[in-house]
Amino acid sequence: MALTWPIVLAVLCAAMLHASWNAMIKSGGDKAADTALMTVAGAVVSLPFLLWVGLPNRSAWPYLLASLVIHIGYYIALVEAYEHGDLGLTYPIMRGFAPLLVALGSSAFIGEAPSAAAWLGIVGIAVGVGLVGLAHPGEALHHRRALLFAFANAALIAIYTTVDGIGVRINGGAARYVLMLFVLDGFFYPVLVWLRRGTVERAALVAYARKRWPVAALGASASIGAYGIALWAMTRAPVASVAALRETSVLFAAVLGTVLLNERFGLQRAIGTGVIVAGVMALRFG
């Protein structure tokens, strides 16, 4: 398995899609509702395709169910992180530290030991992501709750990436696995959000959903495309390298945060961007 240029370009496209749906959630007035609505829309979009391609192999179901539980925790931590911190702070932390954990996990659980050059690229991307995300460390310290959930989510991302990387290979392909995962996500997390709301809040939730569903449908499509491409790439290239490359999404998130959410960019983030690009090159040629 090798990280070829077509795979690199595909994963970079996935990174852009991933940053886009995260910016959609961050920009919403009710982040838990937006996340739930997006998962419902993802299930609606995925179900017809799942009925067409068929269910995943029986051997992949333990990984699917484990991933479902981890994803519910991921959505909860994601919402909490965005409730208490900027996209430009929380998103890079969540995405930047996960590749290091995935690289360690892939050696232990998948039997893929990154080369020295690949490790250099993985570490380079993580450092660059840290520079982008912690461009204003003084402000970051005032958002400790956001940092707590962001770091917790980095661990959850690493775990579900490893689980899904194994599951999609056992399944023999990405399409059926990804579609089934999104169908399951679209039921369990929204039910949890619904149960946590009172009667008045549920009425407000329905009204909010009616207004936001077009945005949620776009976000769901981006989410499906982003993760589908990533898992497809993991069937053709080392999981740790794909996971690290996918986190270049922080560059797109930083730009979206600056353009759409009026968040600052600055010199340190520009330097971090250069470090990430260098890390991508090291991954490709490692």
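Values in this document were obtained by computation on a predicted structure and should not be read as measured data.

Notes on the overall build of the protein chain
Next up, step 1: Broken down by element type, the protein chain carries 12 helices and zero strands.
Next up, step 2: Taken from N to C terminus, the helices and strands of the protein chain fall in the order α-α-α-α-α-α-α-α-α-α-α-α.
Next up, step 3: The C-alpha atoms of the protein chain give a radius of gyration of 18 Å, which matches the 19 Å a tight globule of 286 residues would have.
Next up, step 4: Over its C-alpha atoms, taken along the principal directions, the protein chain stretches across nearly 55 × 50 × 30 Å.
Next up, step 5: Surface summary for the protein chain: the accessible area is close to 12100 Å², and the carbon and sulfur share equals 72%.
Next up, step 6: Charged side chains in the protein chain number 19 positive and 12 negative. The centres of these two groups are separated by 4 Å.

Structural notes on the side chain of Ser67
Next up, step 1: Residue position: Ser67 is located in helix α3 (residues 61-84).
Next up, step 2: Aside from chain neighbours lying at most four places away, what touches Ser67 is Tyr160, Val163, Asp164, Tyr177 and Leu181.

A word on the packing of helix α1 (residues 5-27) against helix α2 (residues 31-53)
Next up, step 1: It is the contact of α1 with α2, at a shortest axis distance of 8 Å, that shows an interaxial angle of 140°. Judged on the interaxial angle alone, α2 and α1 are oblique. Two secondary-structure elements touch here, α1 through Trp21, Met24, Ile25 and Lys26 and α2 through Lys31, Asp34, Thr35 and Met38.

A short note on a nonpolar patch on the surface
Next up, step 1: Side chains of Phe187, Phe188, Val191, Trp194, Leu195 and Val206 sit close together on the surface and give an oily, nonpolar patch of about 550 Å² of accessible area.
Next up, step 2: Ranked by residues supplied to the nonpolar patch, first place goes to helix α8 (residues 175-195) with five residues.
Next up, step 3: As for its placement among the helices and strands, Val191 is situated in helix α8.
Next up, step 4: For Val191, a relative accessible area of 33% puts it in the partly exposed group.

Regarding the pattern of salt bridges
Next up, step 1: The full count for this structure, using the stated rule, is three salt bridges.
Next up, step 2: In this structure, the salt-bridge partner of Arg197 is Asp30, at a minimum N-O distance of 3.0 Å. Of this pair, Arg197 sits in the loop between α8 and α9 (199-234) while Asp30 sits in the loop between α1 and α2; the two residues are 167 residues apart in sequence, bridging distant segments of the chain. The exposure classification of Arg197 matches that of Asp30, with both residues buried.
Next up, step 3: In this structure, Asp34 and Arg212 form a salt bridge, with 3.0 Å as the shortest nitrogen-oxygen distance. Note that Asp34 is positioned in helix α2 and Arg212 in helix α9, a separation of 178 residues in sequence. Side by side, Asp34 and Arg212 carry an identical accessibility label, which is buried.

Quick notes on the packing of aromatic side chains
Next up, step 1: In the structure shown here, the tally under the stated rule is five aromatic pairs.
Next up, step 2: Plain terms: the ring middles of Tyr75 and Tyr189 are 5.2 Å apart, the flat faces sit at 45° to each other, and that makes the pair tilted. Of this pair, Tyr75 sits in helix α3 while Tyr189 is found in helix α8, placing the two residues 114 residues apart along the sequence.
Next up, step 3: Overall, the relative accessible area of 3% leaves Tyr189 in the buried class.
Next up, step 4: These aromatic residues form a ring-pair network of at least three members: Tyr74, Tyr75, Tyr160, Tyr189 and Tyr227.

A look at the environment of Asp164
Next up, step 1: Topologically, Asp164 is positioned in helix α7 (residues 144-171).
Next up, step 2: We classify Asp164 as buried; its relative accessible area is 0%.
Next up, step 3: Once the C-alpha coordinates of Asp164 and Tyr63 are considered, the two residues, 101 residues apart in sequence, prove to be 6.6 Å apart.
Next up, step 4: For Asp164, the contacting residues outside a window of four places in its chain are Tyr63, Ser67, His71, Tyr177, Leu181, Tyr227 and Leu231.

Some thoughts on α9
Next up, step 1: Taking 1.5 Å as the rise per residue, α9 with 36 residues should run 52 Å; its terminal C-alpha atoms sit only 44 Å apart, a clear shortfall.
Next up, step 2: The largest bend along α9 reaches roughly 60° and is located at Arg212, with the proline Pro214 sitting one to four residues downstream.

Notes on the environment of Leu37
Next up, step 1: Its place among the elements puts Leu37 in helix α2.
Next up, step 2: For Leu37 and Ala253, which are 216 residues apart along the polypeptide, the C-alpha to C-alpha distance reads 21 Å.
Next up, step 3: Ignoring any residue separated from it by four or fewer positions in sequence, one finds Leu37 in contact with Ala209, Arg212, Trp213 and Ala216.

Observations concerning the packing of α1 against helix α11 (residues 249-260)
Next up, step 1: Running from amino to carboxyl end, α1 crosses α11 at an angle of 40°, the nearest separation of the two axes being 8 Å. By the criterion of interaxial angle, the relationship of α1 to α11 is oblique. Considering only the axes of α1 and α11, their crossing is right-handed. For the pair α1 and α11, contact is made by Leu12, Ala15, Met16, His18, Ala19, Ser20 and Ala23 and by Ser249, Phe252, Ala253 and Leu256, respectively.
Next up, step 2: A per-class count over the contact of α1 with α11 returns eight nonpolar, three polar and no charged.

The rules behind the values
Residues numbered from 1 in each chain as written. Predicted model: local features only at pLDDT ≥ 70, side-chain atom pairs only at ≥ 80, totals over all residues. Heavy atoms only, no water. Helix = DSSP H or I, 4+ residues; strand = E, 2+ residues; numbered from the N terminus. Rg over C-alpha atoms; globule rule 2.2 N^0.38 Å. Areas by Shrake-Rupley, 256 points an atom, 1.4 Å probe, with all protein chains shown as cover. Lys, Arg positive; Asp, Glu negative; His and termini not counted. Charge placed at Lys NZ, Arg CZ, Asp CG, Glu CD. Contact = heavy atoms within 4.5 Å. Axes fitted to C-alpha atoms, helices over the stretch in contact; angles between N-to-C directions. Parallel < 35°, antiparallel > 145°, perpendicular 65-115°, else oblique. Patch = residues over 30% accessible without salt bridge, like charges linked within 9 Å, V, L, I, M, F, W, Y side chains within 5 Å. Salt bridge = Lys/Arg side-chain N within 4 Å of Asp/Glu carboxyl O. Buried < 20%, exposed > 50% of the residue type's maximum accessible area, 1.4 Å probe, protein only. Phe/Tyr/Trp six-rings, centres within 6.5 Å; stacked < 30°, edge-to-face > 60°. Expected span 1.5 Å × (residues − 1). Bend = angle between axes of the 7 residues up to and from the residue. Left-handed = near helix turned anticlockwise from the far one by under 90°. Nonpolar A, V, L, I, M, F, W, Y, C, P; charged D, E, K, R; others polar.

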